[in-house]
Amino acid sequence: YVTILSLARDAAARLPDGVGTRADLCALMKESQYIVDKVSDAELSHIISSALDRMHSENDAPVKFDVKHRLWMYLHKDRPLDDKRWTEHLKEADVVVVRKESENLTGYPGGAIQNIRCLDVEFPNPEDL
């Protein structure tokens, strides 16, 4: 699923040096193929504001607001993909999709996905369950 929260998190992750204003985040969010062209700047600003408020109150918050400089900071910028904090919040009912290293991601909307490190995942034998 694509949610407003995931679009806002993606925009925050694409901030230059992981730092920017709410207007910067709005501009990055407008680039998403999932945002219609007709949405006004005021509507998008309200949407991103709500998403940022929700994200910065999470246990493992991906963003933080610097009140003094009035900037949003993306906190997961230097976190490696194999860091357990990415998945420790998942429940048993959640689904995790694992990509084989040989799979090509250039057919995905938005173009190629680059610089992906894959985790070695061992799946249990279904007979042992």
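Residues numbered from 1 in each chain as written. Predicted model: local features only at pLDDT ≥ 70, side-chain atom pairs only at ≥ 80, totals over all residues. Heavy atoms only, no water.

Draft legend 1. The arrangement of the pattern of salt bridges in detail. According to the stated counting rule, one finds five salt bridges in the structure shown. One salt bridge connects Glu 58 with Arg 9, and the closest N-O pair in it is separated by 3.2 Å. Taken as a pair, Glu 58 in the loop between helix 3 (41–55) and strand 2 (63–66) and Arg 9 in helix 1 (residues 4–13) lie far apart in primary sequence, 49 residues in all. Ionic pairing is found between Asp 10 and Arg 14, a salt bridge with its closest N-O pair at 3.0 Å. (Salt bridge = Lys/Arg side-chain N within 4 Å of Asp/Glu carboxyl O. Helix = DSSP H or I, 4+ residues; strand = E, 2+ residues; numbered from the N terminus.)

Draft legend 2. Quick peek at the packing of aromatic side chains. Applying the stated criterion to the full structure yields one aromatic pair. Ring centres of Phe 65 and Trp 72 lie 4.9 Å apart, and the angle between their planes is 50 degrees; on these two criteria the pair is classed as tilted. Looking at Trp 72, the relative accessible area reads 8%, which means it is buried. (Phe/Tyr/Trp six-rings, centres within 6.5 Å; stacked < 30°, edge-to-face > 60°. Buried < 20%, exposed > 50% of the residue type's maximum accessible area, 1.4 Å probe, protein only.)

Draft legend 3. Expanded view of helix 2 (residues 22–30). Considered for burial, the residues of helix 2 that qualify are Leu 25, Cys 26, Leu 28 and Met 29. For helix 2, the angular spread of buried residues about the axis comes to 165 degrees, placing them on one side. On its buried side, helix 2 packs onto helix 1, helix 3 and strand 3 (71–74). (Arc of directions from axis to C-beta. Contact = heavy atoms within 4.5 Å.)

Draft legend 4. The sheet that holds strand 2, seen in detail. Taken together, the three strands give an open sheet; going across it, the order is 1-3-2, and neighbouring strands pair in antiparallel fashion. Looking at strand neighbours, the two that pair on one side only are strand 1 (19–20) and strand 2, the edges of this open sheet. Pairing of strand 1 with strand 3, which is carried by two bridges, proceeds in the antiparallel orientation. When the bridges of strand 3 are listed, Val 19 appears paired with Met 73. (Pairing = 2+ DSSP bridges.)

Draft legend 5. The nonpolar core, seen in detail. Counting residues in hydrophobic clusters, the biggest one holds 20 residues, and the most contacted among them are Leu 25, Met 29, Ile 35, Ile 48, Leu 52, Met 55 and Val 63. Where this core is concerned, the elements lending two or more residues are helix 1, helix 2, helix 3 and strand 3. In contact with Ile 35, not counting residues within four places along its chain, are Leu 7, Met 29 and Leu 44. (Core = buried A, V, L, I, M, F, W, Y, C linked by side-chain atoms within 4.5 Å.)

Draft legend 6. Region of the structure containing the packing of helix 2 against helix 3. Running from N to C, helix 2 and helix 3 point in directions that differ by 105 degrees, and their axes come no closer than 9 Å. In terms of axis orientation, helix 2 runs roughly perpendicular to helix 3. Facing helix 2, whose interface residues are Arg 22, Leu 25, Cys 26, Met 29 and Lys 30, helix 3 presents Asp 41, Leu 44, Ser 45, Ile 47, Ile 48, Ser 49 and Leu 52. When the residues that make up the contact of helix 2 with helix 3 are grouped by side-chain class, the tally is seven nonpolar, two polar and three charged. (Axes fitted to C-alpha atoms, helices over the stretch in contact; angles between N-to-C directions. Parallel < 35°, antiparallel > 145°, perpendicular 65-115°, else oblique. Nonpolar A, V, L, I, M, F, W, Y, C, P; charged D, E, K, R; others polar.)

Draft legend 7. Just unusual backbone geometry, in detail. For Asp 17, which is not glycine, the phi torsion reads 60 degrees and is therefore positive. Relative to the helices and strands, Asp 17 resides in the loop between helix 1 and strand 1.

Draft legend 8. Fine view of the packing of helix 1 against helix 2. Here helix 1 crosses helix 2 at 110 degrees, and the two axes come no closer than 9 Å. The angle between helix 1 and helix 2 falls in the class roughly perpendicular. Relative to helix 2, helix 1 is oriented so that their crossing is right-handed. Here Ile 4, Leu 7, Ala 8, Ala 11 and Ala 12 of helix 1 come into contact with helix 2, specifically with Leu 25, Leu 28 and Met 29. Within the contact of helix 1 with helix 2, the residues separate by chemical class into eight nonpolar, no polar and no charged. (Left-handed = near helix turned anticlockwise from the far one by under 90°.)

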